Amino acid sequence: QVQLAESGGGLVQAGDSLRLSCAASGHTFSRYGWFRQAPGKEREFVAAIRWSGADTYYANSVKGRFTISRDNAKNTVYLQMDNLKPEDTAVYYCTATYSSGSLSYTDIKTYDYWGQGTQVTVSS
């Protein structure tokens, strides 16, 4: 079965950086995304990338601070998070879909496969 596995979360101070990784079990999807969910809040879009061409998309709250990228050879997607803020605290999930149709990169309904999540905690 296809699997996604996130890693790289942790406890950091405001202004610090973290790099999250998502390994896709030797399988290549059409689109990858990062979502996050904080206690008491809905799961929200963070960033997405198209595998072919590497077009990227970001939530307004993370533009200029987060960078999504992928490594074709490693079949891995990354989320570089710089200048972290307390409001970034959440469980971060890697997600993916085989679909290459006219679906929104920012819509949670676009994605079919999910990782287990990795906790990111940012203290003041």
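The structure contained in this document is the topic of the report that follows. As the structure is a computational prediction, the values presented were derived from the model and not from experiment.

**Observations concerning the state of the cysteines**
Throughout this description, disulfide means a covalent bond between two cysteine sulfur atoms.
In step 1: Following the criterion strictly, the structure yields 1 disulfide and no others.
In step 2: A disulfide bridge connects C22 with C94, and the sulfur atoms are separated by 2.0 Å. Where C22 bonds to C94 through sulfur, the torsion about that S-S bond is close to -80°, and the disulfide is left-handed. Of the two residues, C22 is situated in strand 3 (residues 18-23) and C94 in strand 9 (residues 90-97); the sequence distance between them amounts to 72 residues.

**A short note on the sheet that holds strand 8 (residues 76-81)**
In step 1: On the basis of which strands lie adjacent, the open sheet formed by 4 strands has the order 1-3-8-7 and antiparallel pairing. Whereas interior strands pair on both sides, the edge strands pair on one side only; in this sheet they are strand 1 (5-7) and strand 7 (66-71). Neighbour-to-neighbour, the strand axes of the sheet open up by a mean angle of 15°, direction not taken into account.
In step 2: Taken together, the 6 bridges between strand 7 and strand 8 define a ladder with antiparallel strand orientation. Pairing of D71 across the sheet is with T76, part of strand 8.

**Side note on the side chain of R36**
In step 1: Among the structural elements, R36 can be located in strand 4 (residues 31-37).
In step 2: Among the polar contacts made by the side chain of R36, one reaches the side chain of S61 at a distance of 3.5 Å.
In step 3: Within polar-contact distance, the side chain of R36 engages the side chain of Y92 at 2.9 Å.
In step 4: Once residues lying within four places of it in the same chain are set aside, the contact partners of R36 are E42, R43, E44, V46, S61, V62, F66, E87, D88, A90, V91 and Y92.

**Some thoughts on the environment of F35**
In step 1: Summarising the element assignment, F35 is placed in strand 4.
In step 2: For F35, a relative accessible area of 1% puts it in the buried group.
In step 3: Between the C-alpha atom of F35 and that of R65, which follows or precedes it by 30 residues, the distance is 15 Å.

**Here's the deal with the packing of aromatic side chains**
When we look at a pair of aromatic rings, we describe it by the centre distance and by the angle of the planes.
In step 1: Under the definition given, this model contains 9 aromatic pairs.
In step 2: With centroids separated by 4.4 Å and ring planes inclined at 15°, the aromatic side chains of Y57 and Y105 adopt a geometry described as stacked. With Y57 in strand 6 (residues 56-58) and Y105 in the loop between strand 9 and strand 10 (113-114), the pair connects residues that are 48 residues apart, well separated along the chain.
In step 3: By way of ring pairs, the aromatic residues F29, Y32, W51, Y98 and Y113 are connected into one cluster.
In step 4: Over the face of the ring belonging to W51 we find R70, whose NZ or CZ atom lies 5.6 Å from the ring centre.

What counts and what doesn't
Residues numbered from 1 in each chain as written. Predicted model: local features only at pLDDT ≥ 70, side-chain atom pairs only at ≥ 80, totals over all residues. Heavy atoms only, no water. Disulfide = S-S within 2.5 Å. Helix = DSSP H or I, 4+ residues; strand = E, 2+ residues; numbered from the N terminus. Pairing = 2+ DSSP bridges. Axes fitted to C-alpha atoms, helices over the stretch in contact; angles between N-to-C directions. Polar contact = N/O pair within 3.5 Å; in protein donor to acceptor, adjacent residues only side chain to side chain. Contact = heavy atoms within 4.5 Å. Buried < 20%, exposed > 50% of the residue type's maximum accessible area, 1.4 Å probe, protein only. Phe/Tyr/Trp six-rings, centres within 6.5 Å; stacked < 30°, edge-to-face > 60°. Lys NZ or Arg CZ within 6 Å of the ring centre and 35° of its normal.

Scope: geometric values only; no functional claims are made or implied.
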